[in-house]
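As a plain string of letters, each chain reads:
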Amino acid sequence: MRANGIGYSTPPARLDPAALRADFPILVREINGHPLAYLDNAASAQKPRCVIEALTRFYSHGYSSIHRGVHTLSEEATAAYESARDAVTAFINAPDRRGVIFTRNATEALNLVAAAWGRANVGPGDRILVTEMEHHSNLLPWRRLAQEVGAELDYIPITDDGRLDLDGLVRRLTGPVKLVALTHVSNVLGVVNPIPEIAALVRERAAAARIVVDGAQSVPHLPVDVQALDCDFLAFSGHKMCGPTGIGVLYGLPELLKEAPPFLVGGGMIGRVERAEATWADLPARFEAGTPAIAEAVGLGAAIAYLGEIGMAAIWAHEQELVAYALEQLRGLPGVRVIGPTEPRDRAGVVAFTVAAIHPHDLAFILDQEGIAIRAGFHCAQPLHEGLGLGPTARASFYLYNTLTEVDRLVAGIERAQALFG
Ligand code: PMP
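Visitor: Sorry, what's going on with the packing of aromatic side chains here?
Guide: The relative placement of two aromatic rings is captured by the distance of their centres and the angle of their planes. As enumerated under the stated definition, the model contains eight aromatic pairs in all. Summarising the aromatic geometry, the rings of Phe24 and Tyr401 are spaced 4.7 Å apart at their centres and angled 65° between planes, so their arrangement reads as edge-to-face. Taken together, the positions of Phe24 in the loop between α1 (17-21) and β1 (30-31) and Tyr401 in the loop between β17 (393-397) and α14 (404-420) put the pair 377 residues apart, joining distant regions of the chain. Exposure remark for Phe24: the relative accessible area of 1% places this residue in the buried category. The buried category is assigned to Tyr401, whose relative accessible area is 0%. For the pair Tyr59 and Tyr63, a centre-to-centre distance of 5.5 Å together with 40° between the ring planes defines the contact as tilted. Look at Tyr59 and you get partly exposed, because its relative accessible area is 49%. Taking relative accessible area as the criterion, Tyr63 reaches 37% and is therefore assigned partly exposed. Linked through ring pairs, Phe24, Tyr306, Tyr399 and Tyr401 together constitute an aromatic cluster.

Laid out in structure tokens, this is it:
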């Protein structure tokens, strides 16, 4: 296994993106008279027919409220919802399904850890470490927690070539470090952080610290095994992995979740409620207050089945091929600066870049005229951009259905934009 925790016993089978494209109805669309090249997957991914049909089927034939009903439909819907939890448990190799909590998205999952586990376990003078490359969703919950409880928030720096500075991490693993929160894959730098190596450093030097991994950009794209990562919490979103919006996951070690007070209180998460007191349900219901996103969970289960059938190792290998090609092509363009490590190895399929004298919004607009969807802005990582001395950037991000031809179209589109801007 490599340091970033991605290892295969056998090389993955190659996937055929041209064949897979037929699974995604939206990909036949033309945008502004051109075939859609959807290169905004880090923001959200498209949905295969099997996921769309799973939602339709569930709403048409299987929908009901869950858990409390004694009628047949409710029992069926409960089984469908809970089998989605089993699918997630297996997908990330979680040791215990009770530690798999459905949330709205990764952002809510991270807020849950901060508000529930964090407020109960982090106190005045404690230290919380985050990295300089975090998405706002894995930064602001910790900054608020630090402010609320009087803890200190410290930033692990990044190296000049856009990797996490592991010496900088080691230097910060002093004093009462209670929490290290970091992303597995940066949504700007594209870098895959070596979580097992980082976890080993944290366990060795700050045994009391808990490790929170933001898996929003890794779980959809590469094989993720929470036991191999050795993290305490992992957060991710369904919509970035071919699933519906409105469903995300927090995985946490049950012994940690059990000791945390509930995040939201209300129906569905109680043991017994009296006028003045209440007890809480066991995991996972304890953290799923109110009627959950039932159909969305079922849709996520279908997405996991789809990705599992293709194989995460094959998806990762395909994206590595795309990113290696994209880096090579972009580096060949004068005036283009790629953000993050220049070596494709250990980079996921996210490439942020700038083009001299062209604002990323103008570039995105010009590319859109040719049917190419990219993202422009700060990608919810403003401190990272500021730290790198950057304004907004353009970002192309790939998934299983993208092709080398689409990379060529991106590059040709950038060249045309450069010609337009003189
Ligand atoms: N973390 C990272 C690294 C992300 O890229 C994103 C999505 N842009 C999030 C967290 C938040 O995901 P969501 O908006 O689905 O909560």
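From this point, the narrative continues.
Visitor: So what exactly am I meant to see when it comes to the site of the ligand here?
Guide: Around the ligand, the surrounding shell holds 13 residues, and the nearest of these are Thr107, Asp214, Gln217, Ser237 and Lys240. Within the side chain of Gln217, an N or O atom sits 2.6 Å from an oxygen atom of the ligand. In isolation the ligand exposes 390 Å². Once the protein is present, 88% of that is buried. Across the shell around the ligand, the residue classes tally to two nonpolar, nine polar and two charged.

Visitor: Would you explain the sheet that holds strand β13 (residues 336-338) in this entry?
Guide: Hydrogen bonds between backbone groups are what pair the strands of a sheet, and the pairing can be parallel or antiparallel. Read across the sheet, four strands follow the order β13-β14-β17-β16 without closing on themselves; strand pairing throughout is antiparallel. Here the strands that pair on one side only, and so sit at the sheet edges, are β13 and β16 (375-377). Averaged over all adjacent pairs, the angle separating strand axes in this sheet is 30°, with direction ignored. Examined bridge by bridge, β13 and strand β14 (residues 350-355) share three bridges and lie antiparallel to one another. Residue pairing across strands places Arg337 opposite Thr354, the latter belonging to β14. Along the sheet, helix α11 (residues 312-331) contacts β13 and β14; its crossing angle with β14, the most-contacted strand, is approximately 10°. Against the sheet, α14 engages β13, β14 and β17, with an angle of about 15° to β14.

Visitor: Would you take a moment to explain the nonpolar core for this structure?
Guide: Proteins that are soluble and globular tend to have nonpolar side chains buried together. Ile92, Trp142, Leu234, Leu307 and Leu400 are the most contacted members of the largest nonpolar core, which totals 114 residues. By residue number, the principal contributor to this core is helix α10 (residues 294-310), which donates ten residues. Dropping the residues within four chain positions of it, Trp142 is found in contact with Leu110, Val113, Ala114, Ile128, Val130, Leu153, Leu179, Ala181 and Val212. Formed by 29 residues, the second largest nonpolar core is a distinct cluster that contains Phe353, Leu367, Ile372 and Val407.

Visitor: Where do I start with the packing of helix α3 (residues 72-91) against α10 in this structure?
Guide: Packed helices, taken two at a time, are described by the angle their axes make and the gap between the axes. Contact geometry for α3 and α10: axes closest at 8 Å, N-to-C directions at 40°. With respect to α10, the axis of α3 lies oblique. The two elements α3 and α10 meet at a crossing, and its hand is left-handed. Judged by residue contacts, Ala80, Tyr81, Ala84, Ala87, Val88 and Phe91 of α3 engage Ile294, Ala297, Val298, Leu300, Gly301, Ile304 and Leu307 from α10. Of the residues contributing to the contact of α3 with α10, the split by class is twelve nonpolar, one polar and no charged.

Visitor: How should I be thinking about the pattern of salt bridges in this particular structure?
Guide: Oppositely charged side chains are able to pair whenever their charged atoms sit close together. What the rule picks out here adds up to 23 salt bridges. Ionic pairing is found between Arg85 and Glu82, a salt bridge with its closest N-O pair at 2.8 Å. Separated by three residues within a single helix, Arg85 and Glu82 lie in helix α3, roughly one turn from each other. One exposure class covers both Arg85 and Glu82, and it is buried. Residues Asp154 and Arg172 are paired through a salt bridge, measuring 3.6 Å at the closest nitrogen-oxygen approach. Here Arg172 lies in helix α6 (residues 166-172) and Asp154 lies in strand β6 (residues 152-156), a separation of 18 residues in the sequence. Overlapping salt bridges, with partners in common, bring together Glu82, Arg85, Asp86, Arg97 and Glu288 in one network.

Cut-off values and rules
- Residues numbered from 1 in each chain as written.
- Predicted model: local features only at pLDDT ≥ 70, side-chain atom pairs only at ≥ 80, totals over all residues.
- Heavy atoms only, no water.
- Phe/Tyr/Trp six-rings, centres within 6.5 Å; stacked < 30°, edge-to-face > 60°.
- Helix = DSSP H or I, 4+ residues; strand = E, 2+ residues; numbered from the N terminus.
- Buried < 20%, exposed > 50% of the residue type's maximum accessible area, 1.4 Å probe, protein only.
- Near = heavy atom within 4 Å.
- Polar contact = N/O pair within 3.5 Å; in protein donor to acceptor, adjacent residues only side chain to side chain.
- Areas by Shrake-Rupley, 256 points an atom, 1.4 Å probe, with all protein chains shown as cover.
- Nonpolar A, V, L, I, M, F, W, Y, C, P; charged D, E, K, R; others polar.
- Pairing = 2+ DSSP bridges.
- Axes fitted to C-alpha atoms, helices over the stretch in contact; angles between N-to-C directions.
- Contact = heavy atoms within 4.5 Å.
- Core = buried A, V, L, I, M, F, W, Y, C linked by side-chain atoms within 4.5 Å.
- Parallel < 35°, antiparallel > 145°, perpendicular 65-115°, else oblique.
- Left-handed = near helix turned anticlockwise from the far one by under 90°.
- Salt bridge = Lys/Arg side-chain N within 4 Å of Asp/Glu carboxyl O.

Taken by themselves, the reported measurements are silent on function.
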